[in-house]
Amino acid sequence: MQIPFYQFCIKFTITLLFSSFLAAAVNAQQSDNSFSPLSSTCYTDKIAQLKKYTVPKTYPDKSSQAWYEEILKAGNKSLLEAFEDDELVKDSLLLNKCNSILKRIIAANTNFKFDTIHLYINRSVIANAACYGEGTVMINLGLFLWIDNDDELALVIAHEIAHQLLNHTDSKLKKSIAMLTSEEFNDELKKIKKADYGKFDRYRKLMKGLTVESGKHSTYKESEADSLGVLLIKKAHYNTTNAAKVLLKLDKVEELFTSNKLYVVKDFFAAAPIDSVYFIRKVKYNGLSAMKITMNADKDIDSIKTHPDCAKRYATIAGNNNPATINCCTTLNSFDKNFKERAMLELVRDKYENNSLGLCIHLCIFALKNQYNPTAYYNFLSLSFSKLFYKDKNLERFNAANTNAEAGSNLKELQDFLFNCSTEDLEKMAVYFLKNNTANTAEDFDFANMMFNTQVKMKDTITAYTNFKNKYPNSKYNYLIQKK
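Since this is a predicted model, take the numbers as computed values, not measurements.

With that settled, consider the environment of Gly 319. Considering the arrangement of structural elements, one finds Gly 319 in the loop between helix H15 (310-318) and helix H16 (337-353). With a relative accessible area of 65%, Gly 319 lands in the exposed category. When the C-alpha atoms of Gly 319 and Thr 241 are compared, they prove to be 7.8 Å apart, with 78 residues separating the residues in sequence.

By definition, a disulfide links two cysteine residues through a covalent bond between their sulfur atoms. Applying the stated criterion across every chain, the model contains one disulfide. Each sulfur of the disulfide joining Cys 328 and Cys 329 lies 1.5 Å from the other. Because the sign of the S-S torsion sets the handedness, a value of about 60 degrees for the bond joining Cys 328 and Cys 329 places this disulfide among the right-handed ones. Taking the relative accessible area as the measure of exposure, Cys 328 reaches 6% and is therefore buried. The thiol of Cys 364 is not disulfide-bonded; the next cysteine sulfur, from Cys 360, is found 4.4 Å away. Looking at Cys 364, the relative accessible area reads 0%, which means it is buried.

Relative to the helices and strands, Asp 444 is located in helix H22 (residues 442-455). Using a relative accessible area of 6% as the deciding quantity, one classes Asp 444 as buried. A distance of 3.3 Å separates the side chain of Asp 444 from the side chain of Lys 476, its partner in a polar contact. Aside from chain neighbours lying at most four places away, what touches Asp 444 is Asn 379, Lys 476 and Tyr 477.

So, on to the sheet that holds strand E4 (residues 136-140). If you walk across this open sheet you meet the four strands as E1-E2-E4-E3, and the pairing is mixed. Each edge of the open sheet carries a strand with a single partner, namely strand E1 (88-89) and strand E3 (129-131). Alignment of E1 against strand E2 (residues 118-122), held across two bridges, turns out to be antiparallel. Residue pairing in the sheet places Leu 88 in a bridge with Asn 122 of E2. Of the strands in this sheet, E1, E2 and E4 touch helix H4 (residues 62-84), which is tilted by about 45 degrees from E4.

Once that is clear, we can look at the packing of aromatic side chains. Here the structure, examined in full by the defined rule, presents 22 aromatic pairs. Between Phe 269 and Phe 433 the ring centres are 6.3 Å apart and the planes differ by 75 degrees, which places this aromatic pair in the edge-to-face class. Of this pair, Phe 269 sits in the loop between helix H14 (265-268) and H15 while Phe 433 sits in helix H21 (residues 423-435); the two residues are 164 residues apart in sequence, bridging distant segments of the chain. An identical accessibility class is assigned to Phe 269 and Phe 433; each is buried. An aromatic cluster is built from Phe 268, Phe 269, Tyr 278, Tyr 378, Phe 385, Phe 417, Tyr 432 and Phe 433, whose rings are joined through pairwise contacts. In this structure, Arg 104 packs its charged tip against the face of Tyr 238, placed 3.7 Å from the ring centre.

Rules of the game
- Residues numbered from 1 in each chain as written.
- Predicted model: local features only at pLDDT ≥ 70, side-chain atom pairs only at ≥ 80, totals over all residues.
- Heavy atoms only, no water.
- Helix = DSSP H or I, 4+ residues; strand = E, 2+ residues; numbered from the N terminus.
- Buried < 20%, exposed > 50% of the residue type's maximum accessible area, 1.4 Å probe, protein only.
- Disulfide = S-S within 2.5 Å.
- Polar contact = N/O pair within 3.5 Å; in protein donor to acceptor, adjacent residues only side chain to side chain.
- Contact = heavy atoms within 4.5 Å.
- Pairing = 2+ DSSP bridges.
- Axes fitted to C-alpha atoms, helices over the stretch in contact; angles between N-to-C directions.
- Phe/Tyr/Trp six-rings, centres within 6.5 Å; stacked < 30°, edge-to-face > 60°.
- Lys NZ or Arg CZ within 6 Å of the ring centre and 35° of its normal.

Interpretation in functional terms is not warranted from these geometric data alone.
Put into structure tokens, the structure is as follows:
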């Protein structure tokens, strides 16, 4: 059934606005190789709160109130889906670190009200943090890989809190509603509906002004958030010069995906019993994907990464126009290593769980190259090659291995290897990483071995899963079996 044009306009507008506004939006710690609880099971109160959400009556005129309700309902729905779809993780080590910084900021800044602000850990590999406008602040797992001290993390958290305290999201929302209900906007919309040709292009042009205005905070508002953020951490006695270095790192975090200095694929697989022909360079061959991976997935989010001119902001905060060279982000340094490794393990788990096997293998190799604990990463390498074998049999190998990598990067070299590797060698590598993981626990070995037997050797899954769950009734892997 064809949707009337005016309904399409409304739906399209809400989608554009929502992407702008939403995103403009326990002392015990886990053992090193355990998994953290996922949001659908550990944030049931938050989920219930989001389900009960009602839009307040704010505007006296019906048109403005209608837009207001549509935008806020869409934002609430997307936030609810994030919690229900396990896009967040309750990692006690990382979350306790963030909350300890938040508490210190609150204690030092008694003239502000922080009661609506709650911190969460997002499972995204993108090095970012974001404020969602209603008190939710998310810090991505990917950010922890590059945070070296509490000063840096404090600035990130304080900047996002500042957007909330200054009501930047609400002011953006009101400005856009004013535009949407303006006579000029609606006159143009009526002309577009009556036009015979080019409706969609004209509508996109009309909406471009709206998304430019509302998609990101203005430079002025960014300066406001920086200024207040610095004030908040200064009062809490954090070192602002050290803190500002995180801004310089944010200009380099894409190197985790685009650099050719992360590792050498040929060297990493040199000891594996596979054919070396895969590593003979084909100069004119770019593989099945030559797309450039970017960190712009959060471009409409009110986030720390997408803010303009990180170098200028560093100079303003640190008072230094000639900053030292930042060693980021082709190696993982040893500062706060336990937090970095915790984040890396959860990232690897997320990529395996969600069938992003190319990225999972990439992160495992990168972690091993940086001398991180090999037990978990060898285990996930075995699991990934078993699953890649299984995906190949179901004609899904390329989707699972594809990383949209940039030509010339280590990730691209790895991706092409995973595209071209024979199923026989996929099987060999699953066995190789399992057998060479001498420090594996019985539970980890049995799970990886079970997945090899069911996905590669095609043994009966029901029997295998039942036996595993009977042997390990409280296994960290049981949820993966349930999901499968």
